[in-house]
Amino acid sequence: MNKTFLAVVVVALSACPPPTGMDAGTGGGGGATGGGGGTMGGGTAMGGGTAMGGGTAMGGGSATGGGSAMGGGGGAMNYCDAGLTCAPYEVCMANMTGGSCVSGNYTVNWLAPDSGIRTNAMTLSGTLQLGNGPAGIVIPVSASTGATVSLDGGGPTFGVTLGLTAGDGLNTFTAGWDGGPTSTLTIDVDRTGPVFLVSAPPALPADGGSVTNDFIDAPPGGPAFRRDERFTVRVTSSSTDVVGAELVAQFGTSTAHRFMSTATCDAGAFCADFDVELSRVPMNGFDGTIRLTAEGSDSVGNMGTTQTARDVPVTRWNWARRVGSSGSTPAIGNNGRIFIGTTGPSAGIIALNADGSIAWGPLADGAIPGPVSIGRSLMNEYAAYHVPGANLETRSRNTATSTDAQACLGGSNGAVSASGTMIVNDGVNAVASVQLGADTTGTNLRTVITSIANLACFTSSGMQQLPTVTSPANIVGTNSKSLVVDSMGALHQVDTAPYASVAITPLAQATGAGAPNGLAMASMNRVIGGGGSTMGTLFAFDVTGSGMTAAAANAWTAPAALSSPTSGPSIGTGGVFAQHRFGTRSLLLRVETSSGALLAQSAPLSAGTVNSSFSGSVATTPALGADGRVYTVDELGNLFVLAQNFGADAGTEWGAALPAAVAGNVHASPTIDCNRRAPTSQTGVIYVATESGWLVSYLVDARGLDPAAQWPKFAKDVRNSGNFEAPASPACP
């Protein structure tokens, strides 16, 4: 009779990780009614053992095999002992003795960052992976001294935060186990930027400078670069990975300017040359030093340092030429040639080139107290000027050759007049200049029109009582009329017919303008002036046709209430500008062009230890520069610079006193031209004539007069045309 046995298998669990393999028993099993054996031990439903070994159900067998006739039995087994402990990277290999630890074939890999990278970061994020391994195993990571590491996640992939050392050097991070799988990550920590060396040429003018009794080309303050010069500066570094180096130039606290490299060179691991144009560096001073440093970084972003900064001395000094005592505002002709009248010792007109050399003259014309005017015909350029005294001549000369073109007599033994001349109908075939002076008795006005190109002289037949016209008053007007203020403050008008017979209507007259310091035209019909203490010192008259409206009253509706003298006016987009006496000091006024209302009054002008002076009644007219600044010279020749839009109590941006070598009082208003000697620079030149006999030139940041201004200086433009309708001055190169 067949019987069915139920085999019961006892399972033994190991403390090791799960076994990697188990075999069937070494003995079979079997019986008449049921088999034995099995993949994990043996046994059948009818008899036999359990999956983990032998055992009996109805019969059974022994642990090592066997069986009975009534049922099967289980065979022997491989197993992992519960007390067996393996390393985290090992697994238990089961056997009949309780198992053994073998490699789990795990791998450890740094997925990020790349080993060998260079950085200046304080921390880096990375990724670490355990390959072929189950979750739950934490990979140990060791770090070099000063570095830290932390893992995030349950595996087999971990986020890693690496804390890098504070100093430079290699940081090493090793993940894994001794005797087991490992992986090493190396980080090159570099927090030291490149070190730059800056090499500049010697602190000397490019031409070495020169000094004679009559010409000063070298800066009086000692060796220095002129503001319009340029030179090459070399920057080197021993670092091989410099990125984006720049040369930084800064004058004091002014805004720094950055120069980009213009060429590479071969003088070190890193070498770059920079073309330094000094005029591009903001400079709120007359002279001082510009500091040159280098800025740049290496490929990981470390900013470099300059081992030694270079301090380059810079000056705005241009040159000074002894020409003779002058109260005459310089005039500029074609190619920047400068014309000035002198009163002694070799009185006459002199022409200078833009570099300060003498083009021709001085010519023995006699004293020329008023300004020279430059006019142009279709073919030539002429200098017109008034020579008062015995013959009251109005003369003109070809500016290129100094050839005498015309001399027109206005009378004899007349009173000295410093009104100068005004150009009428410039740029046509015949150029006319008009001059007002006194007749033989010194009591009546006589007008002379000189037609320069066709060599004609026309003298007025009508006369009007006219006191002396004193320096630095000027004559202004349009192509059809001329206006002048006499020393008693009366404004006179004469109608002109250019280069033809003069038909002069009776001269209109307005009184109360005050002793004149200068005139300007705000429009075809409005003349604005400044001078003495009557009429509020600044005044305006409307002139129409041959007469005047409100002849005895200021045309301004709300004139500023002023009680001390002013200079003549200049007129720009910001209003009417004038120098004003404040005690014994000078300040700047800015008034509204249409009403005369005060817009702003600066603080008394000063710059450092240089204080302005305005002790008498004569002051020079400010000049408005193309850089949006106003340039003012006081009676001692001190120069002060402000923004044209200055507000109440504004101070100067910078200023300078005349050097002792050329010091002298100044009554002639300054003029500004572009820099003909260095036309590519961002500078212009201001010219100041002294009564001690010098024509002084400085480098300023205005490349000429303000082109937007209606009347930017005394006598309107660089040619001293005095004509509201005159064409624009020749363009700067």
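Structural data are supplied above this passage.
Residues numbered from 1 in each chain as written. Predicted model: local features only at pLDDT ≥ 70, side-chain atom pairs only at ≥ 80, totals over all residues. Heavy atoms only, no water.

J.: So what about the overall build of the chain? Which residues, and what values?
T.: When helices and strands are counted, the chain shows zero helices and 55 strands. The buried share of the chain, reckoned over its 733 residues, is 53%. Within the chain, contacts between residues separated by at least 24 positions form 58% of all contacts whose residues are at least 6 apart in sequence. Only carbon and sulfur atoms are counted for the fraction: they give 53% of the accessible area of the chain, which is about 27300 Å². (Helix = DSSP H or I, 4+ residues; strand = E, 2+ residues; numbered from the N terminus. Buried < 20%, exposed > 50% of the residue type's maximum accessible area, 1.4 Å probe, protein only. Contact = heavy atoms within 4.5 Å. Areas by Shrake-Rupley, 256 points an atom, 1.4 Å probe, with all protein chains shown as cover.)

J.: So what's going on with the state of the cysteines? Which residues, and what values?
T.: A full pass over the atoms with the stated rule returns three disulfides. Between Cys86 and Cys101 runs a disulfide, and the two sulfur atoms are separated by 1.9 Å. An S-S torsion of about -90° defines the bridge between Cys86 and Cys101 as left-handed. Within this pair, whereas Cys86 is found in the segment before strand S1 (90-93), its partner Cys101 is found in strand S2 (residues 100-103), the two being separated by 15 residues in sequence. (Disulfide = S-S within 2.5 Å.)

J.: Go over unusual backbone geometry with me, naming the residues and quoting the values.
T.: The residue after Ala112, namely Pro113, is reached through a cis peptide bond having omega -5°. Positive phi, normally seen in glycine, also occurs at Asp649, with a value near 60°. Among the structural elements, Asp649 can be located in the loop between strand S51 (639-643) and strand S52 (654-656). A relative accessible area of 60% places Asp649 in the exposed class. Look at Lys716: it is not a glycine, yet its phi comes out positive at around 80°. Residue Lys716 is classed as buried on the basis of its relative accessible area, which comes to 11%.

J.: Which residues make up the sheet that holds strand S22 (residues 317-322), and what values do they have?
T.: Sheet strands pair by backbone hydrogen bonding; their relative direction is either parallel or antiparallel. One open sheet holds the five strands; their spatial order is S12-S22-S55-S54-S53, and the pairing between them is antiparallel. The sheet is open, and its two edges are formed by strand S12 (215-216) and strand S53 (671-674), each paired on a single side. (Pairing = 2+ DSSP bridges.)

The analysis is restricted to geometry; functional conclusions fall outside its scope.
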